[in-house]
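# Notes for the structure review
Residue-level listing of the chains:
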Amino acid sequence: MKSTRLRVILAVAAAGAALTACSPGQAGTAAIVGGDRISSSELESSVREYEGALAKANVSASQLQFPGSVPQVVLFQLATAKQYTQAAERKGITVTDGEIDQVIAASGGEAQHEQQMLQQAVAPSHAREFTKAGLLLTKLMAQYGGGSDEAALQRGQAQAIKDLQAVKVTWNPRYGTLNTQRSEQAPSLFVDAGRFGAIPAAAQAQ
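What comes next concerns the included structure. Predicted model, so just to flag it, every value in this text is computed and none were measured.

Membership of the largest hydrophobic core comes to 47 residues, with the highest contact counts inside it found for I38, L43, Y50, V74, L75, L137 and W171. Per element, the largest residue contribution to this core is 11 residues, and it comes from helix α4 (residues 70-90). Sequence-distant contacts of I38, defined by excluding residues within four places in its chain, comprise T29, A30, A31, V33, L75, L78, A79 and K82.

Okay, structure coming up:
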């Protein structure tokens, strides 16, 4: 059930996030989510933290087979977590610290949970934020009848996508051009590497 839930969440996120790919108006901006800015420096800090955590775990990004470079995937996760949160909170949905703690405990504890988050391109300092966002999206889908059977999941997913699309995401094209036609044959999040997509964030200039 956990893998199905995650797959649905990621599918909803991809559909809701693939909206715009024009340059944000503010200098030093990696993306803008519903008016909430993700700065280039914030992204680069997250990438450095994430790559450091991978090295500590003796895991390489190539082993994880991400649908894009590390900066691209980390940015996508940062943006979509904000998008889940804004879309759900606009509908009055909340998540408590206790609910987040339950997910972490069910994952085997904080250390194990962070390892699982690494597989999703989430830096340790963002693990709780991302977990909260996933819970919010799950509750949003459930509010529309997204239960455990396939038909209910599809109903909840369809309405949640509409709510996500109401939270506009603007991507800075220097990190790549978003792939709005993702498929099994073309699974990449971005259709080109962008100016910084193929090199470590630590080497990027502001």
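Text resumes after the structure shown.
Here we take up empty space enclosed by the protein. Considering all chains together, one arrives at one cavity of 30 Å³ or more under this definition. In this structure, the largest cavity occupies an estimated 70 Å³ of space. Lining the largest cavity, in full, are S46, V74, Q77, L78, A81, A121, V122, A123, H126, E129 and F130. Of all the elements in the fold, those that place two or more residues in the lining of the largest cavity are α4 and α7 (127-143). Residue composition of the lining of the largest cavity, by class: seven nonpolar, three polar and one charged.

Scoring rules and cut-offs
Residues numbered from 1 in each chain as written. Predicted model: local features only at pLDDT ≥ 70, side-chain atom pairs only at ≥ 80, totals over all residues. Heavy atoms only, no water. Core = buried A, V, L, I, M, F, W, Y, C linked by side-chain atoms within 4.5 Å. Buried < 20%, exposed > 50% of the residue type's maximum accessible area, 1.4 Å probe, protein only. Helix = DSSP H or I, 4+ residues; strand = E, 2+ residues; numbered from the N terminus. Contact = heavy atoms within 4.5 Å. 1 Å grid on protein atoms, 1.4 Å probe; cavity = no way out; pocket = protein on both sides within 12 Å on 5 of 7 lines; lining within 4 Å. Points joined across faces, edges and corners; volume = space filled by probe spheres on them. Nonpolar A, V, L, I, M, F, W, Y, C, P; charged D, E, K, R; others polar.

Spatial relationships are all this shows, so hold off on functional conclusions.
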